Amino acid sequence: MATTVLDQQRAHAGAHAQKTGLWSWLTTVDHKRIGILYGTTAFFFFLLGGLEALLIRIQLARADNNFLSPETYNQLFTMHGTSMIFLAIMPLSAMFFNFMIPLMIGARDVAFPRLNAFSYWVFLLGGLFLNASFLFGAAPDQGWYGYANLTSRQFSPGHNVDFWNMGLQILGVASLAAGVNFFVTVINMRTRGMTMMRMPMFVWMSFITQILILLAFPVITVALILLIFDRFFGTHFFVPAGGGDPLLWQHFFWVFGHPEVYILVLPAFGIISEILPVFSRKPLFGYAAMVFSGAFIAFLGFGVWSHHMFTTGMGPIADTFFSLTTMLIAIPTGVKIFNWMGTMWGGSIQYRTPMYFAVAFIAMFIIGGLSGVMHASPPADLQQNDTYFIVAHFHYVLFGGSIFALTAGAYYWWPKMFGRLLDEKLGKVHFWLMLIGFNLTFFPMHLVGLHGMPRRTYTYPKELNFESLNQLETLGSFILGLGFLVFLFNILKTTRGPRNAPADPWNGATLEWAIPSPPPEWNFAETPVVHGRDPLWELKRQRGGRLPEPSPGTGAGIHIPPPSYWPLVSAIGVTGIFVALMMSPKWGPWGIIVAISLTFFGIYNWLFEKGYSEFTTPQGGGHH
Amino acid sequence: MHSRNAAARLRAELVPCLCLLVLAVAGCSPERYPQTALLPLSDFARIGDHVQDQTFYWALGVFVLVEGALLYAIFRFRGRPDDPEPRQIHGNTLVEIIWTVIPALILAAIAVPTVKGIFQVNGTPEGNLLEVEVVGHQWWWEFRYPQYGIVTANELVIPAGRTVHFKENSVDVIHSWWPPRFAGKRDVFPGRETRIWFKADSTGLYPGQCAEFCGIQHARMAFHVRSETPEAFEAWAAHMQTLGAPKPAAAPAPAGTDSLRTASSGANVQQESQADPLFAQGETLFRNKGCIGCHSLQAKGAPTALIGPNLANVGSRAYIAAGWLKNTDENLEAWIQNPQALKKGVLMPNLGVKPDEAKALRAYLRAHK
Amino acid sequence: MSDHAHALDTTTGLDHRKLAIWTFIGSECLFFATLISNYLVQSKKSLVGPFPHEVWKDPATGQVFEPIIEIPLVTFGTALLLFSSLFIVLALYGAQRGNRKMLIGWLGATILCGMFFVGMQVYEFTHFVHKGLTLQRNLFGASFFVLTGFHGTHVTIGVIWLVTMFILAIRGQLPKERALNLEIAALYWHFVDVVWIIIFPVVYLIR
């Protein structure tokens, strides 16, 4: 008589049974639960961003269309970009950072479990705040990179820019906190024997991503602060009439903005580097090269920012410098693509849904990378910039790249996270709809862009003949939407089925497959010791075959960080500071003072809360 | 099962390829697209086009090779679950070096024409230049000709075969001036001058558009370039210089004011028009409705810093409302009556102009060619 | 280094929190680097005075603005801040040896220096406003107040943090086993000091 993994866990769990119910989720500090919270919230925002895209595509399907007013359209394209970047791709990656990094390095949790929860709550509140702007008819409408001086009070008098500004600051706090957390986790919590060069590639890429976050987000924080001062306190940082220079905003923004796109894509690279070896049944080709190319991309990513500014007339020296650095960054990127193909080469490829998406990722990312190289040349970019050619490029790398990879990761890690395998047939339907829909939507954009269609335009005249290509794109976008409906259906159908996924459904190489699906709260009954890369393959090779289903253990004698509500309280305080700042013209300083007090209150209680010191301090002062 | 899998994959890999082919064919007739960047009509545009061609062909070559290799790997190395474990290769230093060096060489090959092109497009043109000042406004384009002392809006007239040197700026936010047939785009800034130049190959009317998001009506901030023969251009410039030169009046008007009387009774408006009763009515309305506050009818000596486009030759322009609404009587009247309905958020308010008044104003403006 | 059954085993042997404060400091370096770059670019672009080191006469009103920077007070405050870093090192030395008197004494001195520094800045800001330099007046004012203001905010947060540690110390809740708590605060304090060592010459000394 088959018992599900969950039955087994419940039988063994004893006093360590993880509670259920709303309060347990509000106070959780378990990295796995936080990962699921990130994932569900991010997926919701992703669907919202997708809806925004579909509305945009309806408007653009006909010339001189009036389905959407210009203000609504401008809000939708701004929110679509902002949501997809900050509320979808980044937190979907965070879902995997949270759930998988501790498992892959053989740890029981992250370095700072409460800080982890704090990051999630701040993200949720920030995302809700940003979208609440729609309720006030004041959704951000200045484009996701908010160029000055359109964003000055004079030209954007409403709250739209402020929602965007404060929203990004709130989200920045979440990202920075998580950046510190995962950086320390990876450095300091690897299990015995796991040197840096034995870490799974997903952990490496995520680690590099955290460094990028830590170094890039402060820059945009300052830029947004300067904009706040311009809009609220009468300074002229970006106001020409006062001597300020709008171009300075672009420099500050893109010093953040370019590393940001690597923040968006490096975790995707990591996921692909996990999936390809498992389904090719060969190790990752060129592990060291993959590590160094990832690091080099991140480092060089800070030196290319003005390739977003080739049309601003910076002069030939600046143009040349940034053009050359941008071309240079194509080299390590190419290395990665070839290494992935080298992984497949000579393998015994098992075509399951994760592999479909992973292979499509490579194909799509190549296209995105090549159009990127075309942009790297300023004389050509003078025609391409700010047209749909650019829109095509970044969707190929962000959707064809990041989203395909995240979807691959979802199918791959779903059994581990939820104890159920997503349906293969539905997965393949999802795949084909997504591949076809994606290419039909975004490939024509290369053409319509070079034929003169600028971006961020709510309509176009019939005589420019953009209509037929736009209609093709709109058709493609609905096919894409259909694909995601199939995915949703798959999720719902699977969730209603039995929780009977084995610990290691794919014959995996890394530690997360050594523990039950889903894992018990304490992850490992005994923390593992590793002797090389691909530790689980090594173990299976020694045993001469697959491993038996692991027992979750009882968790006896294993200390888990207890739940806490202070992260949530502090998150409310922090969010409140920015909301109150935005409302300060009406509320005066009182809202800010209350919010700061709440934040201090939350943080102090958090710091003095009992029961956590053993999780951060090597010589523990024992229990307090 | 195994071959069905492979066949399904083959079929479906082909589908996107076919889509791309169809689109490539559809897109590869750039003549269909009046605003295409792929049919350069000037020396400047050819610089960028040449560089883009080179990067494109390299990219195409890499695409075919790499995607081809990927497709090959997808089919060649498919396995069954019970297949033996393949050879566990961890890397190959020589191969890795080769596929690092070759892309570097390709990039170097692209870099050379790129850097050359950068210096060419950033160079200062020489010769008998026509100087034009491009000024971006929310949401229309002003063109000034300092050598002639004239100004116009939304329809730029230039001589083919002569290099035009553009100095650009904005009065409000960042815009981007983009005439694709003649040049890539150059952003225009408040408080900072940017430059571009080109020499048009031939004559004709060609559209362009703002290419930097600048607010609610960014999408409707278009313009046209009317490239004329050098003789036709000189004739046009000479004609524009007569538009609005103040006639001596009883009391001398203060410098810079637009004396309505002189503007309409100058040599710019034909005699017949002046006799038309609609014209007279329109002339009065232009003043009484307040149009005069934002628009000048003087091409020469026009006051600067007006909110609205110069209308000295609006009657003969191909388009109105900044390059996208055909300049028919019907459109012009509709615009005058309710600009907000056609271009919501535009800085021209609804002035409560009645249909018959609009007719008169239209006739008045139509006479200003 | 005894091996407790419950002792946390970290890969580097370092406490998580110590690594975390270093990581945070690394990130904050970029924060201040951006603010300082902004100052370097913007402070020279003022359309009107007052200016940091030159006299300026308003052509419209004829009003004369003296150079706004006054070195003596700020130099004294800078010296105090520098000394406070020494003092906190001494306090930490005391903490690590369980020397309560040393800990409390030098920690108190550190806090006093920090408070004086903040007080000096508040005085300086009000004085500048009196002399005609505001956030809105010109880009020098805007970038000066934003840069030094954010630094001052960091110092203030540091003072609050140290006062908390001071209260713990007085209550006997900072024994030598928990000296790391003070070490982390000290690292932050040193960072704030180092940032000032860069800001001071850039803003006040270099012309």
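Residues numbered from 1 in each chain as written. Chains lettered and ligands numbered in written order. Predicted model: local features only at pLDDT ≥ 70, side-chain atom pairs only at ≥ 80, totals over all residues. Heavy atoms only, no water.

(A) Local environment of the overall build of chain C. Looking only at helices and strands, chain C has five helices and two strands in total. Structurally, chain C occupies a C-alpha span of about 75 × 35 × 20 Å along its principal axes. Looking at chain C as a whole, 50% of its 207 residues qualify as buried. Look at the contacts in chain C between residues 6 or more apart in sequence, and 73% of them connect residues 24 or more apart. Total accessible area on chain C stands at roughly 9600 Å², and carbon and sulfur atoms take up 68% of it. For chain C, the distance from the average site of its 14 positive side-chain charges to the average site of its 12 negative ones is 5 Å. (Helix = DSSP H or I, 4+ residues; strand = E, 2+ residues; numbered from the N terminus. Buried < 20%, exposed > 50% of the residue type's maximum accessible area, 1.4 Å probe, protein only. Contact = heavy atoms within 4.5 Å. Areas by Shrake-Rupley, 256 points an atom, 1.4 Å probe, with all protein chains shown as cover. Lys, Arg positive; Asp, Glu negative; His and termini not counted. Charge placed at Lys NZ, Arg CZ, Asp CG, Glu CD.)

(B) Up close: the pairing of strand β9 (residues 204-210) of chain B. Residue and element names in this part refer to chain B. Taking burial as the measure, the seven residues of β9 include five buried ones, the bulk of the element. In terms of strand pairing, strand β6 (residues 175-178) meets β9 through two bridges, oriented antiparallel. By the bridge assignment for β9, Trp-178 is matched with Gln-209. Direction of pairing for β9 relative to strand β10 (residues 222-228): antiparallel, over a ladder of six bridges. The residue bridging Gly-204 from the neighbouring strand is Ser-227, located in β10. (Pairing = 2+ DSSP bridges.)

(C) Inspection of the state of the cysteines at higher detail. All names here are of chain B. Going through the model one piece at a time under the given rule, you end up with zero disulfides over all chains. Left unpaired, Cys-214 is separated from the closest cysteine sulfur, that of Cys-210, by 3.9 Å. Under the relative-accessibility criterion, Cys-214 is labelled buried at 0%. Cys-291 supplies the cysteine sulfur nearest to Cys-294, a cysteine that is in no disulfide, at a spacing of 8.5 Å. (Disulfide = S-S within 2.5 Å.)

(D) Representation of the packing of aromatic side chains. Residues and elements named next belong to chain A. Under the definition given, this model contains 110 aromatic pairs over all chains. With 5.2 Å between their ring centres and 20 degrees between their planes, Phe-183 and Phe-207 make a pair best called stacked. In this pair, Phe-183 sits in helix α6 (residues 160-188) while Phe-207 sits in helix α7 (residues 201-233), placing the two residues 24 residues apart along the sequence. The side chain of Arg-33 reaches across the aromatic face of Trp-25, ending 4.2 Å from its centre. (Phe/Tyr/Trp six-rings, centres within 6.5 Å; stacked < 30°, edge-to-face > 60°. Lys NZ or Arg CZ within 6 Å of the ring centre and 35° of its normal.)

(E) Main features of the confidence of the model for chain C. Residue and element names in this part refer to chain C. Summary statistics for chain C give a mean pLDDT of 94 and a share of 97% for residues scoring 70 or more. In the model of chain C, strand β2 (residues 64-65) stands out as the element of lowest mean pLDDT, 92, in contrast to helix α4 (residues 139-170), which has the highest, 98. Confidence estimates for the predicted assembly give a pTM of 0.94 and an ipTM of 0.95. (pLDDT = per-residue confidence, 0-100.)

(F) Broad picture of the nonpolar core. With 328 residues, the main nonpolar core has Tyr-145 and Trp-177 of chain B as its most contacted residues. Top contributing element to this core by residue count: α7 of chain A, with 23 residues. Split by domain, the residues of this core number at least three in each of domain 1 (36-71 + 91-123) and domain 2 (130-241) of chain B. When residues no more than four places from it in sequence are discounted, the contact partners of Tyr-145 of chain B are Leu-130, Glu-131, Val-132, Ile-150, Thr-152, Leu-156, Val-157, Phe-233 and Trp-236 of chain B. (Core = buried A, V, L, I, M, F, W, Y, C linked by side-chain atoms within 4.5 Å. Domains from an automatic or database assignment.)

(G) Structural detail: helix α19 (residues 590-607) of chain A. All names here are of chain A. With 18 residues, α19 extends 26 Å between its outermost C-alpha atoms, agreeing within 8% with the 26 Å of an ideal straight helix rising 1.5 Å per residue. Those residues of α19 that sit buried are Gly-591, Ile-592, Ala-595, Thr-599, Gly-602 and Trp-606. For α19, the buried positions fall inside an angular range of 95 degrees around the axis, keeping them on one side. Exposed residues pointing more than 90 degrees away from the buried face of α19 are listed as Trp-590, Val-594 and Leu-607. Those residues of α19 hidden inside the fold are in contact with α5 (113-135), α17 (566-582) and α18 (584-587). (Expected span 1.5 Å × (residues − 1). Arc of directions from axis to C-beta.)

(H) View of the pattern of salt bridges. All told, the structure shown has 30 salt bridges over all chains when counted by the stated rule. Salt-bridge contacts for Lys-428 of chain A lead to Glu-424 of chain A; the nearest nitrogen and oxygen are separated by 3.0 Å. Here the residue Lys-428 of chain A and the residue Glu-424 of chain A both occupy positions in helix α14 (residues 424-450), the gap between them amounting to four residues, near one helical turn. Judged by relative accessible area, which is 22%, Lys-428 of chain A ranks as partly exposed. The salt bridge involving Asp-329 of chain B is made with Arg-362 of chain B; its shortest N-O contact spans 3.6 Å. Residue Asp-329 of chain B is located in helix α9 (residues 329-337), and its partner Arg-362 of chain B is located in helix α11 (residues 355-366); the two are separated by 33 residues in the primary sequence. Accessibility expressed as a relative area gives 13% for Arg-362 of chain B, which makes it buried. Here the salt bridges do not stand alone but share partners, grouping Asp-329, Glu-333, Arg-362 and Arg-366 of chain B into one network. (Salt bridge = Lys/Arg side-chain N within 4 Å of Asp/Glu carboxyl O.)

(I) Spotlight on the interface of chain A and chain C. Between chain A and chain C, the residue contacts involve 44 residues of the former and 40 residues of the latter. In this assembly, chain A packs against chain C so that about 3700 Å² is buried in total across both faces, 67% of it on carbon and sulfur atoms. Viewed at the interface, chain C and chain A are joined by one salt bridge. With a closest N to O distance of 3.1 Å, Asp-9 of chain C and Arg-192 of chain A form a salt bridge. (Buried area = accessible area lost by both parts, 1.4 Å probe.)

(J) Geometry of the side chain of Ser-84 of chain C. Residue and element names in this part refer to chain C. Examined against the element boundaries, Ser-84 turns out to sit in helix α2 (residues 71-96). Among the polar contacts made by the side chain of Ser-84, one reaches the side chain of Trp-189 at a distance of 2.9 Å. When neighbours within four sequence positions are excluded, Ser-84 is seen to be in contact with Thr-110, Cys-113 and Trp-189. (Polar contact = N/O pair within 3.5 Å; in protein donor to acceptor, adjacent residues only side chain to side chain.)

(K) Examining a nonpolar patch on the surface more closely. Taken together, the side chains of Phe-56, Tyr-57, Leu-60 and Val-64 of chain B make up a nonpolar region of the molecular surface, amounting to roughly 390 Å² of accessible area. Residue placement: Tyr-57 of chain B occurs in helix α2 (residues 43-76). (Patch = residues over 30% accessible without salt bridge, like charges linked within 9 Å, V, L, I, M, F, W, Y side chains within 5 Å.)

(L) How the structure looks around the sheet that holds β9 of chain B. All names here are of chain B. Taking strand neighbours across the sheet as the criterion, the five strands line up as β4-β10-β9-β6-β7 in an open arrangement whose pairing is mixed. Bordering the open sheet on either side are β4 (155-159) and β7 (186-188), each of which pairs with just one other strand. The average angle at which neighbouring strand axes cross in this sheet is 30 degrees, direction not considered. (Axes fitted to C-alpha atoms, helices over the stretch in contact; angles between N-to-C directions.)

(M) Structural context of helix α9 (residues 287-300) of chain A. Taking 1.5 Å per residue, 14 residues should reach 20 Å; α9 of chain A reaches 20 Å between its end C-alpha atoms and fits that length. When α9 of chain A is considered as a whole, its buried residues turn out to be Tyr-287, Met-290, Val-291, Ser-293, Gly-294, Ile-297, Ala-298 and Leu-300 of chain A.

(N) Here's a closer look at the sheet that holds strand β8 (residues 194-199) of chain B. Residues and elements named next belong to chain B. One open sheet holds the five strands; their spatial order is β3-β2-β1-β5-β8, and the pairing between them is mixed. At either end of the open sheet lies a strand with only one pairing partner, and these are β3 (150-153) and β8. For this sheet the average axis-to-axis angle between neighbouring strands, irrespective of direction, equals 25 degrees.

(O) Geometry of the arrangement of the chains. Comparison of the two pairs of chains in contact shows the highest number of contacts for chains A and B. Between chain B and chain C there is no contact, and the shortest C-alpha to C-alpha distance separating them is 13 Å.

(P) Broad picture of the pairing of β3 of chain B. All names here are of chain B. Judged by which residues are buried, β3 turns out to be covered on both faces: Ile-150 and Thr-152 on one side and Val-151 and Ala-153 on the other are all buried. Summarising the sheet, strand β2 (residues 140-145) and β3 pair through four bridges and their orientation is antiparallel. Bridge pairing in β3 places Arg-144 opposite Val-151. From the end of β2 to the start of β3, which pair antiparallel, there are four residues, and Gly-149 there has a positive phi angle of about 70 degrees.

(Q) Structural detail: the environment of Pro-259 of chain A. Residues and elements named next belong to chain A. Tracing the backbone through its elements, the reader meets Pro-259 in helix α8 (residues 246-280). Along the backbone, Pro-259 and Tyr-458 are 199 residues apart, and their C-alpha atoms lie at a distance of 29 Å. The contact partners of Pro-259, leaving out residues within four places of it in the chain, are Leu-212, Ala-216, Trp-254, Gly-301 and Phe-302.

(R) The packing of helix α4 (residues 70-104) of chain A against α5 of chain A, seen in detail. Residue and element names in this part refer to chain A. In the contact formed by α4 and α5, the axes pass within 11 Å of each other and the chain directions differ by 165 degrees. Here α5 runs roughly antiparallel to α4, going by the angle between their axes. As α4 runs across α5, the sense of the crossing is left-handed. The segment α4 lies against α5, with Gln-75, Leu-76, Met-79, Thr-82, Phe-86, Leu-87, Pro-91 and Asn-98 engaging Asn-116, Phe-123, Gly-127, Leu-130, Asn-131 and Phe-134. (Parallel < 35°, antiparallel > 145°, perpendicular 65-115°, else oblique. Left-handed = near helix turned anticlockwise from the far one by under 90°.)

(S) Representation of the confidence of the model for chain A. Residues and elements named next belong to chain A. Chain-level pLDDT for chain A is 95 on average; 96% of the residues reach the 70-or-more range. Taken as a whole, residues 12-16 scores under 50 in pLDDT and shows ten contacts with residues more than four places along the chain or in a different chain. Across residues 620-624, confidence stays below pLDDT 50; counting only partners more than four residues off in sequence or on other chains, it has seven contacts.

(T) Main features of the packing of α2 of chain C against helix α5 (residues 179-205) of chain C. Residue and element names in this part refer to chain C. Relative to each other, α2 and α5 sit at 160 degrees, their axes nearing to 10 Å. One finds that α2 runs roughly antiparallel with respect to α5. Of the two possible hands of crossing, α2 and α5 adopt the one that is left-handed. In terms of residue class, the contact of α2 with α5 is made up of 18 nonpolar, six polar and two charged. (Nonpolar A, V, L, I, M, F, W, Y, C, P; charged D, E, K, R; others polar.)

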